[in-house]
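Structural overview
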Amino acid sequence: MPGASRRARVDQQGRLWAVAGAIGLVALLVYVLRNIGAERIDAPLSISIFALAGIFYVVEIDVIKFDFRKSSHSFSLNEVPLVLGLIFTPPAFIVPAQIVGTGLALAIHRRQSPLKISFNLSQFALGSALGVVVHRAILAGETPVALRGWFAALAGAAVASIVSVTATSLAINLAEGAGRATETRGEVAFFGALNALGNTMIALATAVLLWHEPTAVVLLVGPTLMLYAAYRAYSAQRRKHQSLEFLYQSSRLLTQSPQIEQALLSLLREARETFRAEAAEVILFAIDDDRGTLRTSVRGDDELEVLVPVLESEVDDALRDLVADGRTVVVHDAKTAGTLVAPYVHDRHYRDAMIAPLQGETRTIGAFVMANRISSAGRFSREDVRLFETLSNQASVSLEYGRLEKTLAQLTELKERLRHQALHDSLTQLANRRMFVEQVDAALESCPEDRNVAVLFIDLDDFKTVNDSLGHEAGDKLLIAVAHRLRSCLRPSDTAARFGGDEFAVLLPESEGAVTAVHLAERIIQAMQKPLRLAGNQMTVRGSVGIAVSMGDTPTSAELLRNADVAMYEAKTHEKGRFAVFEAGMHEAAIQRLRLRAELERAVDEQQFVLHYQPIVNLSSAAVVGVEALVRWNHPERGIVGPFHFIELAEETGLIVEIGRQVLLQACREVVRWDERFPDHPPMLLTVNLSGRQVVAPRIIEDVREALHETGLEAGRLVLEITESVVMQDTDLSLKRLDELTSLGLSLAIDDFGTGYSSLAYLRRFPVAILKVAKPFVDGIEEGTDDALLARGIIELAHSLGLRTIAEGIEYETQHHQLHRWSCDLGQGYHFAKPLPSEALIALLEAGPGTPVVPPPPPLPRPGQDLADDQSS
């Protein structure tokens, strides 16, 4: 935030400099083209350029300030010398005289910044230059003190006023935001018009007297001074009334608000409005080590801090020293803040600041800071400082006597609340990692010699799938439910913690070796597996548990946690929903797994994956009709690595989503290349495996659409294979994604059908077009087991539902012939061809379209012939 605020201010100042320069350039063009060379009016007297500059200087020394609806408007008598110059001075003198006189007043008396001086002078110059043009155009050579001359002077002053109002609104828009500019634009225009009209009339009256009777001008001095004195008296009284009202309101806020936090925030908001500042803060100095220095601040519309611990000790001492003498200090920037306070002022990005002490009876209890005056209001005045000192004294009394005891009690409560938040997980209210490590360290130090310290590390299986499919809100509810079940399994002396994400840990401070930890792990796994309903879906939660027990030499907490983590990954590797006890050999396996993960991430970045293609043949003709794309990892050191060695890790880490995207794009591109090389070959099907992670990934639809569009492959030739476990998730998101995929024109196939959770209801509900008969059932044909009957049943079931079938793992001619007799549509396996690199598959296809890769089976038996008899023969 500080860096962003600094950049925003630099950009803001840059825009203001650019606008000032643009306005100045336009003013110069108008002045050179239309003012220089214009004839002066033949008047009875002449005002020199120096006298005119002096008049501009005098009227800009002390401007009139008017407060309206918490907005401050500043006006001068700028139109008076302008109108006098239009009548009694050559046109070429007006703009230079105004720049010199007004510039000196702004720099010497009003102490404006270079940016503001440049902006004001540029818009004054443009307004005056245009005013001269309009005045001369309307006057048309007539007498300037006659009726036509009055209208010409009013028009010229009006143009100058319009330029001023427009430029002022633009400056407010750039400096304080569009919202603020919209709010004040109407007020600026209204009061500016009134001011211009009044000043022009005064100037015209003066001009008439100067034209006809110059000495009579003296008669205007008295009324003018009386009006000015009356205005000053009214303004002072009004400011006094507003100050008293503000002080009363501030006192009421501090004494009547039920909470100290609310009282401070209300006071700071009210003070910001009154002083028209960007930031306000109250700093309560530390009393002792139990309660450090606290800050409450309001900055902008939405940046709030409430009793936040702040400041390093040296800055704390520097602020104390700064307000130690009881006076309010005005700081313009970090350079004038003092050596120790400068870092604080710099970090808070304070350009102008009033820092007042909150003085108690016996000590300085804090500091009150008002900073960054809104640019249109100028710098803090002496009246602002006096009012701020009074407000600080009043706040000191209210804080020390009316609220101090209650404040300290609230601060103590806050401290306990902050400590609890620092040591507990905000979602589950279990201990967090920091507290858990502290507890493990304490248990290791105090554990008797005949006992052990045990740590269980628990990781939920497939939690990311829940988050991706049901949303983060459902994921949070799942974590809360897991935490509740975890607590129900523990003894009072045990500690449960959440480390973040779906990782939990349990500490058994005094266990009887691994036996106690194993019993607890079994209870936890059993408790996890109770059905749970989330977002309208009933599901079973499973977790993998790793156990580490302190044995022999006392390990550190870090070693114990690492060992439990390693054991958990060992449990997850073999089978989900189980536990494992750490053994020495597991550590090396964990290191290998971490190394493999890093290599896999690099492989994804460098696209090290290649594809092999296994032909899919028509079982009647044994001709190739399609291919299944199978991913291989072309490891830079180990060569070609099969999917068995990395797919599970890719699923676990989520890298499978990007791997799947690369595989799909590469496979589609390769098939289109084959089409171009073998134009006479019938278009082949392409089947690509789709993991559960990909199905629920938000980008899957776009990935598939992009692959089809980029390669030009017809969607009807693409088949995406999903496993039964993906279908059995039975979530609305899975069904929605699969429907969206098929809407692209492609087909879905169930891979390894029959080995998972086959259900006719799911086949009817999901948009599946193909069933792939799993290899174990095909093996049963050769082995003569009951699996052969299951293969035949799957084929008949598919045909009754209007689905096509592909038999996997065909290795023998007998399997080929029997599946053909059962009317299985397609098949693949080593009997036809192993998975082949692209070049080898091209060599296979060069035999020509329709060429069988093995001898085709004999014709189907005549109707009524017993297929079982054919098989036995």
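Residues numbered from 1 in each chain as written. Predicted model: local features only at pLDDT ≥ 70, side-chain atom pairs only at ≥ 80, totals over all residues. Heavy atoms only, no water.

1. Notes on the overall build of the chain
Put simply, the rule reads: Secondary structure is summarised from DSSP: a helix means a run of H or I of at least four residues, a strand means a run of E of at least two, and numbering begins at the N terminus for each. Classification of residues uses two cut-offs on accessible area relative to the type maximum, computed with a 1.4 Å probe and protein chains only: under 20% is buried, over 50% is exposed, and between them is partly exposed. By definition in these notes, contact holds between two residues if any of their heavy atoms fall within 4.5 Å. In this description, accessible areas are obtained by the Shrake-Rupley approach with a 1.4 Å probe, and a residue is regarded as covered only by the protein chains that are shown.
Helix and strand counts for the chain come out as 31 helices and 24 strands. Counting across all 873 residues of the chain, residues that qualify as buried make up 49%. Contacts in the chain between residues far apart in sequence, at least 24 positions, make up 70% of those at least 6 positions apart. Surface exposure of the chain reaches about 41,900 Å², of which carbon and sulfur atoms provide 56%.

2. A few points about the packing of helix H2 (residues 49-61) against helix H3 (residues 79-88)
What counts is decided by this rule: Interaxial angle, 0 to 180 degrees, is taken between N-to-C directions of lines fitted to C-alpha atoms, where a helix line uses only the stretch in contact. For this classification, under 35 degrees means roughly parallel, over 145 means roughly antiparallel, 65 to 115 means roughly perpendicular, and everything else is oblique. Here a crossing is called left-handed whenever its near helix is offset anticlockwise from the far helix by less than a right angle, and right-handed whenever the offset is clockwise. The classification used treats Ala, Val, Leu, Ile, Met, Phe, Trp, Tyr, Cys and Pro as nonpolar, Asp, Glu, Lys and Arg as charged, and all other residues, Gly among them, as polar.
Where H2 contacts H3, the two axes come as close as 9 Å, and the packing angle between them is 165°. Between H2 and H3, the crossing angle belongs to the class labelled roughly antiparallel. Here H2 and H3 pass one another in a crossing that is right-handed. Contact residues: Leu52, Ile55, Phe56 and Val59 in H2; Pro81, Leu82 and Gly85 in H3. Here the contact of H2 with H3 is composed, by residue class, of six nonpolar, one polar and no charged.

3. Here we look at the packing of aromatic side chains
Pairs of aromatic rings are described using the distance from one ring centre to the other and the angle between the two planes. Condition: Whether two aromatic rings pair depends on their centres lying within 6.5 Å, for rings of Phe, Tyr and Trp, where Trp uses its six-membered ring; planes under 30 degrees apart make the pair stacked, over 60 edge-to-face, and the rest tilted.
According to the stated counting rule, one finds nine aromatic pairs in the structure shown. Relative to Trp211, the ring of Phe88 lies with its centre 6.2 Å away and its plane at 45°, an arrangement referred to as tilted. Of this pair, Phe88 sits in helix H3 while Trp211 sits in helix H7 (residues 178-212); the two residues are 123 residues apart in sequence, bridging distant segments of the chain. Residue Phe88 is classed as buried on the basis of its relative accessible area, which comes to 0%.

4. Description of the sheet that holds strand E9 (residues 452-460)
Formally: For two strands to be treated as a pair, DSSP must find at least two bridges joining them.
Reading across from one edge, E10-E11-E9-E14-E15 is the order of the five strands in this open sheet, with mixed pairing throughout. Two strands bound the open sheet, and with one partner strand each, they are strand E10 (495-500) and strand E15 (579-581). For this sheet, the mean angle separating the axes of adjacent strands, direction not counted, is 20°. Sheet topology places strand E14 (residues 543-549) next to E15; three bridges connect them, and they run parallel. Pairing of Val545 across the sheet is with Phe579, part of E15. Contacts from helix H14 (residues 433-446) reach E9, E10 and strand E11 (503-511), with the element oriented near 20° to E11.

5. Observations regarding the sheet that holds strand E8 (residues 364-373)
Spatial strand order, E5-E4-E3-E8-E7-E6: six strands in an open sheet with antiparallel pairing. The open sheet terminates on both sides in strands that have one partner only, identified here as strand E5 (303-309) and strand E6 (329-331). Between one strand and the next, the sheet's axes are offset by a mean angle of 15°, whatever the strand orientation. In this structure, strand E7 (residues 353-359) lies alongside E8, joined through seven bridges in antiparallel fashion. Each residue of the ladder has a partner; that of Ala353, found in E8, is Ala371.

6. Re helix H28 (residues 787-800)
Note the threshold: To estimate the expected span of a helix, count its residues, drop one, and scale the result by 1.5 Å. Here, the arc refers to the directions that run from the helix axis to the C-beta atoms.
With 14 residues, H28 extends 20 Å from end C-alpha to end C-alpha; this agrees with the ideal 20 Å at 1.5 Å per step. All buried positions along H28 are accounted for by Ala788, Ala791, Ile794, Ile795 and Ala798. The buried residues of H28 occupy an angular sector of 120° when the element is viewed end-on, so they sit on one face. Turned more than 90 degrees off the buried face of H28, the exposed positions are Leu789 and Ser800. The positive-phi residue at the C-terminal boundary of H28 is Gly802, with phi of around 75°.

7. Observations regarding the nonpolar core
Put simply, the rule is: Put simply, buried Ala, Val, Leu, Ile, Met, Phe, Trp, Tyr and Cys residues joined by side-chain atoms within 4.5 Å make one nonpolar core.
With 82 residues, the main nonpolar core has Leu686, Leu720 and Leu819 as its most contacted residues. Counting 33 residues, the second-largest nonpolar core is a separate cluster that includes Leu430, Ile524, Ile525 and Val549.

8. A look at the side chain of Asp384
Cut-off, in case you're wondering: Polar contact criterion, stated in full: a pair of N or O atoms within 3.5 Å, where within protein one must be able to donate a hydrogen and the other to accept it, and residues adjacent in sequence count only if both atoms are side-chain atoms.
As for its position among the elements, Asp384 is in helix H12 (residues 382-402). In terms of polar contacts, Asp384 uses its side chain to reach the side chain of Arg373, at 3.2 Å. Each residue touching Asp384, except ones within four places of it in the same chain, is listed here: Phe275, Met354, Arg373 and Arg379.

9. Some points on the confidence of the model for the chain
Which entries qualify depends on this criterion: For every residue, the predictor reports its confidence as pLDDT, a number between 0 and 100.
The predicted model of the chain averages 81 in pLDDT, with 80% of residues at 70 or higher. Note that residues 1-5 has pLDDT below 50 and, in this model, four contacts with residues that lie over four places away or in other chains. Scored below 50 in pLDDT, residues 179-183 shows six contacts in the model against residues more than four places distant or in partner chains.

10. Considering H3
Where burial is concerned, most of H3 is hidden: 10 out of the 10 residues are buried. Within the sequence span of H3, burial applies to Glu79, Val80, Pro81, Leu82, Val83, Leu84, Gly85, Leu86, Ile87 and Phe88.

11. Points about the pattern of salt bridges
Pairing is possible between side chains that carry opposite charge, provided their charged atoms lie close to one another. Applicable threshold: Counted as salt bridges are all cases of a side-chain nitrogen of Lys or Arg within 4 Å of a carboxyl oxygen of Asp or Glu.
Evaluated as defined, the whole model comprises 26 salt bridges. The shortest N-O distance in the salt bridge between Arg673 and Glu670 comes to 2.1 Å. Taken as a pair, Arg673 and Glu670 lie in helix H21 (residues 656-677) at a separation of three residues, close to a single helical turn. For Glu670, a relative accessible area of 12% corresponds to the buried category. Between Lys775 and Asp779 there is a salt bridge, and its shortest N-O distance comes to 3.1 Å. Separated by four residues within a single helix, Lys775 and Asp779 lie in helix H27 (residues 775-783), roughly one turn from each other. Each of Glu281, Arg295, Glu305 and Arg348 takes part in a single network of salt bridges with overlapping partners.

12. Thoughts on the pairing of E7
Most of E7 is tucked away: six of the seven residues are buried. In this structure, E6 lies alongside E7, joined through three bridges in antiparallel fashion. Across the sheet, residue Val329 finds its bridge partner in E7, namely Ile355.

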